[in-house]
Amino acid sequence: LMDGYRIEGPGDVLQALVRIQHFLGWVPPQLRKALSERTRVTETKIRGIIDFYHLLDAEPTAPWVVHLSTNITDMMLGQQTNIDRFNKYAKKNPGKIQVNETSCTGLCEQGPALLINGFAMGRINAQRVDDILALISTDTPLDQWPANWFEISSNIRKPGPLLRHHVVAGEALAKVKTASPEDFILKLDHAGLKGRGGAGFSTAFKWQACRKAIGDHKVVACNADEGEPGTFKDRVLLDRHIENVLEGMTICGEVIGAKSGYIYLRKEYIYMYGHINNAIKKRREAGLLTEDFDIGIHMGAGAYVCGEESSMLDSMEGKRGIPRIKPPFPVDQGFLGRPTVVNNVETFCNVALLADKGLDNFRSVGCSHTPGSKLHSISGDCKHPGIYEFPLCTSIAEMMKACGGKEAAMVQVGGAAGRLITENRFDTAIDFRRLYSAGSMMVFNSDRQPKDLLHNFSHFFVHESCGFCTPCRGGCQMLAAYSDQVMNGTLQKQDEKTLLDTCKLMMTTSHCGLGKTAGQSIGQIFHHHLKAQKAENQEMAHE
Ligand code: SF4
């Protein structure tokens, strides 16, 4: 984490804070002061930055800090028992351990999961909690804990062309260099490559706009902040295909004429920092990264909203990740006001695949309007949770068959901010036309109720709303309060309409995608809840 690291100016504040937090467990006032003097950012602003990010602390923490994921799939696997166990110990041993809840650790297929002093651990059960607490009781340093507890499996269940593709460093780049940048943008266009971060925006259009933008320092930014509950496919690509990610980024740099590239890595994936850094160093040694175009790593610090590209850019600039007003779009004014292409990890892997294997190969998978494949992170009520690569336009029914989700009654596609698809609509395909997805598929059988999702997701949004605009800040609070009433059966008839009106208001007036999609998702799930409730009432009346 300290390899080649320097504090040079205001832009380094967040990265410095991440490192201080990592090594000390919090950010003491004297270091905030020193950082302020060094970067010329006021102490008040630095305090504001610390308070914005969930994984930074301005007050001393206990020597042991645990963050337990409360994502719905972890809760379905019995996480509440683990939380209760940790809390019981914390109560008996004041000052020894701090127990926090977090929304997603990126380990949904190997949950229940947690972070212990920032390091991820999956498959937590009562026995593991007891073993952890025994080591905490004796203050055994983390590096003396059994290494296998920290092993993160890839769980690739169904590989396709993308997961089978391992680029030889520089080969795909060399093929791009044989033609003009415009030729490769044309190829991207003919390949119909749509952004795999969930929005499905044309990659060719984005690259062309940035290439044409005015500015002599252009930037490539790789969004590796996958924080959408139920998503963990970028984790596997960064771990197993980092060379493909770097190759795709370098190709982008070549085509748009960029001077620098950054990977914005979510803090929960800090255990991969060394691995990614080594891959970058190897590329430098091979002369594939030079002074003309180099790549660095920016760490996030636990803020879901930073998955939104403009918040991510603010976070990369060392600030709180507040979504920007658009236009200007990042392709014109992105990182430090420079024209910037922001693409997802999986998109850059697709770029490397296309450059290496050619257009016909790329288009041979998927459907004519949306070629290529898509990675899906499948978790929840299925026999074989993990990573699945399907051709685009594959139906949910086929996916359920492959993952052993025979009993599936509902699937939440695209995370908490996505869409709930019920069994009668499982013929719907992920095609970036009718249905978009970054790749999260959370499966629920008929024992689960839409109100369980309503409750979990609405509280998730309260936690993650950045608080910048009123419709989202207040709306999320209202929706969570209503969802509590739904759970305990006290929601009044007249409040059903208010709940739906709140969702509509959020969809139309929120400043960024988080508030808009939160309103849309919660409103849709609430409709499903009302339908389920009606069916239940009719059944009871019939009986
Ligand atoms: Fe922040 Fe929510 Fe407003 Fe987006 S919609 S700016 S997350 S408060």
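Above this text is the structure in question.
Since the model is a prediction, treat every value here as computed from it, not as a measurement. (Residues numbered from 1 in each chain as written. Predicted model: local features only at pLDDT ≥ 70, side-chain atom pairs only at ≥ 80, totals over all residues. Heavy atoms only, no water.)

Novice: Mind laying out the state of the cysteines, listing which residues take part and the relevant values?
Specialist: The final tally for this structure, using the stated rule, is one disulfide. The disulfide that involves Cys-367 links it to Cys-393, with 1.8 Å between the sulfurs. Residue Cys-367 is located in the loop between helix H16 (359–363) and strand S10 (373–380), and its partner Cys-393 is located in the loop between strand S11 (386–391) and helix H17 (396–403); the two are separated by 26 residues in the primary sequence. On the basis of relative accessible area, Cys-393 is assigned to the partly exposed category, the value being 24%. Cysteine Cys-403 shares no disulfide, and the gap to the nearest cysteine sulfur, in Cys-382, comes to 4.1 Å. Cys-403 gets classed as buried once you look at its relative accessible area, which sits at 0%. (Disulfide = S-S within 2.5 Å. Helix = DSSP H or I, 4+ residues; strand = E, 2+ residues; numbered from the N terminus. Buried < 20%, exposed > 50% of the residue type's maximum accessible area, 1.4 Å probe, protein only.)

Novice: Account for the sheet that holds strand S2 (residues 97–102), with residues named and values stated.
Specialist: Strands sit in the order S2-S1-S3-S4 across an open sheet of four strands; the sheet is mixed. Sheet topology places S2 and strand S4 (119–121) at the edges, where each strand pairs with a single neighbour. If you compare each strand with its neighbour and ignore which way they point, the axes differ by 25 degrees on average. As paired elements, strand S1 (residues 64–69) and strand S3 (residues 114–116) share three bridges and run antiparallel to each other. Its bridge partner lying in S3, Leu-68 is registered against Leu-114. (Pairing = 2+ DSSP bridges. Axes fitted to C-alpha atoms, helices over the stretch in contact; angles between N-to-C directions.)

Novice: Kindly report on helix H1 (residues 13–24), identifying the contributing residues and their values.
Specialist: Taking 1.5 Å per residue, 12 residues should reach 16 Å; H1 reaches 16 Å between its end C-alpha atoms and fits that length. Taken together, the buried residues of H1 touch helix H2 (29–39), helix H3 (43–52), helix H13 (273–285), strand S8 (294–299) and helix H14 (309–316). Gly-25 occupies a position one or two residues after H1 and carries a positive phi of about 85 degrees. (Expected span 1.5 Å × (residues − 1). Contact = heavy atoms within 4.5 Å.)

Novice: Residues and numbers for the nonpolar core, please.
Specialist: Core analysis: the biggest nonpolar cluster contains 120 residues, and Phe-184, Trp-207, Ile-251 and Phe-461 have the highest contact counts within it. With residues near it in sequence (within four places) discarded, Trp-207 still touches Phe-184, Ile-185, Leu-188, Gly-248, Ile-251, Cys-252, Val-255, Ile-256, Val-341, Asn-343, Phe-348 and Val-351. Counting residues in hydrophobic clusters, the runner-up holds 20 residues, among them Ala-90, Met-121, Ile-124 and Leu-142. (Core = buried A, V, L, I, M, F, W, Y, C linked by side-chain atoms within 4.5 Å.)

Novice: How would you summarise the environment of Pro-371 if you had to cite specific residues and measurements?
Specialist: With respect to the helices and strands, Pro-371 occurs in the loop between H16 and S10. Each C-alpha atom, one on Pro-371 and one on Ser-69, is 35 Å from the other, the two residues being 302 residues apart in sequence. Contacts of Pro-371, omitting those with residues within four sequence positions, involve Ala-191, Gly-192, Arg-196, Phe-362, Arg-363, Val-365, Gly-366 and Leu-392.

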